[in-house]
Amino acid sequence: MTTAVGYRQLPDTWRRRLPTADRRVLVQLVRFVSVGVLAVLVDVGGFNLVRAVGEDELWALPLWAKVWSTSAATLLAWGGHRWWTFRDRRRTEISREFGTFLLVYSSSSLIALSCLAWSHYAMRLHSNLADNISGNVIGLVLGTVFRFWACRRWVFNSPTTADA
């Protein structure tokens, strides 16, 4: 079985069974997840790096470390989604698209931050494992579902290529 990064790389049986609109969504979803995996590596790696390097520094506290790592991952994700995942749906006004993207990603980052804050402060689970599970597993899964929907709906929705 091949890795599905484009329509032609999908197995023949899948290509014949899927309507054209569903094929586009499936390809976008696979690309979205691929870019997301890279962004998660930057997010999780950056989070743990900031926590490890500055143990006693204010910016290495869990919420600040998450803000730093999420910011770096967001920039990577926007570039990947703009020029690969949604390249046929991107807007001509790059500043407006980037602003909307930042709004969507900032909103979805609140999901991960909320999970981390709940675990770390409300439930008093202070270990690195608990911080990673709440912020980088539960929070990122919930945030990713929201991001895919919001990116298709509001960010990469060029009127000439948006699905009917």
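Keep in mind it's a predicted model, so treat the numbers as computed, not measured.

What counts as what
- Residues numbered from 1 in each chain as written.
- Predicted model: local features only at pLDDT ≥ 70, side-chain atom pairs only at ≥ 80, totals over all residues.
- Heavy atoms only, no water.
- Helix = DSSP H or I, 4+ residues; strand = E, 2+ residues; numbered from the N terminus.
- Buried < 20%, exposed > 50% of the residue type's maximum accessible area, 1.4 Å probe, protein only.
- Contact = heavy atoms within 4.5 Å.
- Areas by Shrake-Rupley, 256 points an atom, 1.4 Å probe, with all protein chains shown as cover.
- Axes fitted to C-alpha atoms, helices over the stretch in contact; angles between N-to-C directions.
- Parallel < 35°, antiparallel > 145°, perpendicular 65-115°, else oblique.
- Left-handed = near helix turned anticlockwise from the far one by under 90°.
- Nonpolar A, V, L, I, M, F, W, Y, C, P; charged D, E, K, R; others polar.
- Phe/Tyr/Trp six-rings, centres within 6.5 Å; stacked < 30°, edge-to-face > 60°.
- Lys NZ or Arg CZ within 6 Å of the ring centre and 35° of its normal.
- Salt bridge = Lys/Arg side-chain N within 4 Å of Asp/Glu carboxyl O.
- Core = buried A, V, L, I, M, F, W, Y, C linked by side-chain atoms within 4.5 Å.

A.B. asks: A description of the overall build of the chain should follow, citing residues and the corresponding values.
C.D. replies: Along the chain, the regular secondary structure elements total five helices and zero strands. Reading the chain from its N end, one meets helices and strands in the order α-α-α-α-α. Across the 164 residues that make up the chain, the buried fraction comes to 38%. Long-range pairs, those at least 24 residues apart, make up 65% of the contacts in the chain with a sequence separation of at least 6. Element-wise, carbon and sulfur atoms account for 66% of the exposed surface of the chain, whose accessible area totals about 9700 Å².

A.B. asks: Go over the packing of helix α4 (residues 94-122) against helix α5 (residues 128-155), please, and point to the residues and values.
C.D. replies: When two helices pack together, their arrangement is given by the angle between the helix axes and the distance between those axes. It is the contact of α4 with α5, at a shortest axis distance of 8 Å, that shows an interaxial angle of 155°. Viewed along their axes, α4 and α5 adopt a mutual orientation that is roughly antiparallel. As for how α4 packs across α5, the hand of that crossing is right-handed. Counted by class, the contact of α4 with α5 contains 16 nonpolar, nine polar and three charged residues.

A.B. asks: Mind laying out the packing of aromatic side chains, listing which residues take part and the relevant values?
C.D. replies: Going through the model one piece at a time under the given rule, you end up with ten aromatic pairs. For the pair Trp 78 and Phe 98, a centre-to-centre distance of 4.7 Å together with 70° between the ring planes defines the contact as edge-to-face. Of this pair, Trp 78 sits in helix α3 (residues 62-85) while Phe 98 sits in helix α4; the two residues are 20 residues apart in sequence, bridging distant segments of the chain. On the accessibility criterion, Phe 98 (24% relative accessible area) is partly exposed. A connected cluster of aromatic rings, assembled from ring pairs, spans Phe 32, Phe 86, Phe 101, Tyr 105, Phe 148 and Phe 156. Residue placement shows Lys 66 over the ring face of Phe 47; its charged tip is 5.8 Å from the ring centre. The ring of Tyr 105 has Arg 147 lying over it, and the distance from NZ or CZ to the ring centre is 5.0 Å.

A.B. asks: Please give an account of the pattern of salt bridges that cites residues and values.
C.D. replies: Side chains carrying opposite charge are able to pair once their charged atoms draw close together. Going through the model one piece at a time under the given rule, you end up with three salt bridges. Note that Asp 131 is salt-bridged to Arg 51, the shortest N-O span being 2.9 Å. In this pair, Asp 131 sits in helix α5 while Arg 51 sits in helix α2 (residues 20-53), placing the two residues 80 residues apart along the sequence. Both residues of the pair, Asp 131 and Arg 51, belong to the buried class.

A.B. asks: Go over the nonpolar core, please, and point to the residues and values.
C.D. replies: Counting residues in hydrophobic clusters, the biggest one holds 15 residues, and the most contacted among them are Phe 101, Tyr 105, Cys 151 and Phe 156. The set of elements that each furnish at least two residues to this core consists of α2, α3, α4 and α5. Among the elements that make up this core, the one with the highest residue count is α5 (four residues). Excluding anything up to four places from it in sequence, Tyr 105 contacts Phe 32, Thr 74, Ala 77, His 81, Arg 147 and Cys 151.

A.B. asks: Describe the environment of Trp 83, listing the residues and the values that go with them.
C.D. replies: By the secondary structure assignment, Trp 83 is in helix α3. Not counting chain neighbours up to four residues away, the residues in contact with Trp 83 comprise Trp 78, Arg 90 and Ile 94.

A.B. asks: Talk me through the packing of α3 against α4; I want residue IDs and the actual numbers.
C.D. replies: Closest axis-to-axis distance for the α3/α4 pair is 9 Å, and the angle between their directions is 145°. Here α3 runs over α4; the crossing is right-handed. Its residues placed into classes, the contact of α3 with α4 shows 17 nonpolar, five polar and three charged.

Take it as geometry only, folks, not as evidence of what the structure does.
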